[in-house]
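Each chain is listed here by its residues.
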Amino acid sequence: TRLWTPPDAPWANPSSATVFARELERLKLSITAGKKLGGFVPGGARTIALGHYPPRYSDGRETAAVPILKEAQAQVCVYGHLHGKDLKYGFQGVADGVRYYLASVDAIDFRPIPIELP
């Protein structure tokens, strides 16, 4: 899913809440669809989430997508959206069992990056 600007963000606009709620539902639907494909086996197959907007920020803020990722037992979340001076806001690392990668092209210097799977 692309996610969106969370409605409580200082830069949110009037439509943010509606779009963000829709994107959270799309995330849930994607996870459900993945499970139906057989991609979810506790202790076996891995769950990898791909999004455009960040679900978590470097200042500790979490969006409503984070609990969904945790409930789905996602091991990895790859996202982009942040560029230039805003790269500093992207969380990278492990939090609550999910490894987050900021993979916008300028964040990764236009080169492929290895994604570590547990």
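Scope of this entry: the structure provided in the associated data block. The structure presented is a predicted model; accordingly, all values stated were derived computationally and were not measured.

## Describing the environment of aspartate 106
On the secondary structure map, aspartate 106 appears in the segment after β4 (98–102). We classify aspartate 106 as partly exposed; its relative accessible area is 30%. With 26 residues separating them along the chain, aspartate 106 and glycine 80 place their C-alpha atoms 9.6 Å apart. For aspartate 106, the side chain forms a polar contact with the side chain of histidine 83, separated by 2.6 Å. At a separation of 2.8 Å, a polar atom in the side chain of aspartate 106 contacts the main-chain amide nitrogen of glycine 84.

## Remarks on the side chain of serine 16
Topologically, serine 16 is positioned in helix α1 (residues 16–36). Residue serine 16 is classed as buried on the basis of its relative accessible area of 1%. With residues near it in sequence (within four places) discarded, serine 16 still touches Trp4, Thr5 and Pro7.

## Re the packing of aromatic side chains
The tally for this structure, following the rule as stated, stands at three aromatic pairs. Measuring from ring centre to ring centre gives 5.2 Å for tryptophan 4 and tyrosine 53, while their planes differ by 45 degrees; the resulting arrangement is tilted. Residue tryptophan 4 is found in the segment before α1, and its partner tyrosine 53 is found in the loop between β1 (48–50) and α2 (65–71); the two are separated by 49 residues along the sequence. By relative accessible area, which is 18% here, tryptophan 4 ends up buried. Residue tyrosine 53 is classed as buried on the basis of its relative accessible area, which comes to 11%.

## Describing α1
Each α-helix winds once per 3.6 residues, and so residues spaced three or four apart point in a common direction. Its 21 residues give α1 an end-to-end C-alpha distance of 30 Å, which sits within 8% of 30 Å, the value for a rise of 1.5 Å per residue. When α1 is considered as a whole, its buried residues turn out to be Ser16, Val19, Phe20, Glu23, Leu24, Leu27 and Ile31. For α1, the angular spread of buried residues about the axis comes to 140 degrees, placing them on one side. Counted as exposed and oriented over 90 degrees from the buried face of α1: Thr18, Leu29 and Lys36.

## Focus on a nonpolar patch on the surface
A surface patch of nonpolar side chains, amounting to about 400 Å² of accessible area, comprises Ile48, Leu50, Ile113, Ile115 and Leu117. Tracing the backbone shows isoleucine 48 in strand β1. Of the residues examined, isoleucine 48 reaches a relative accessible area of 41% and is grouped as partly exposed.

## A word on the pairing of β4
Within β4, four of the five residues are buried, leaving the element largely enclosed by the surrounding structure. Strand direction decides the pairing type here: strand β2 (residues 76–79) and β4, joined by four bridges, are parallel. If you follow valine 78 over to β4, its bridge partner there is tyrosine 101. Where strand β3 (residues 93–95) meets β4, three bridges bridge the pair, whose relative direction is antiparallel. Residue glycine 93 lies in a different strand from β4, and its bridge partner there is tyrosine 100.

Rules used in this analysis
- Residues numbered from 1 in each chain as written.
- Predicted model: local features only at pLDDT ≥ 70, side-chain atom pairs only at ≥ 80, totals over all residues.
- Heavy atoms only, no water.
- Helix = DSSP H or I, 4+ residues; strand = E, 2+ residues; numbered from the N terminus.
- Buried < 20%, exposed > 50% of the residue type's maximum accessible area, 1.4 Å probe, protein only.
- Polar contact = N/O pair within 3.5 Å; in protein donor to acceptor, adjacent residues only side chain to side chain.
- Contact = heavy atoms within 4.5 Å.
- Phe/Tyr/Trp six-rings, centres within 6.5 Å; stacked < 30°, edge-to-face > 60°.
- Expected span 1.5 Å × (residues − 1).
- Arc of directions from axis to C-beta.
- Patch = residues over 30% accessible without salt bridge, like charges linked within 9 Å, V, L, I, M, F, W, Y side chains within 5 Å.
- Areas by Shrake-Rupley, 256 points an atom, 1.4 Å probe, with all protein chains shown as cover.
- Salt bridge = Lys/Arg side-chain N within 4 Å of Asp/Glu carboxyl O.
- Pairing = 2+ DSSP bridges.

Everything listed is a geometric property; what it means functionally is a separate question.
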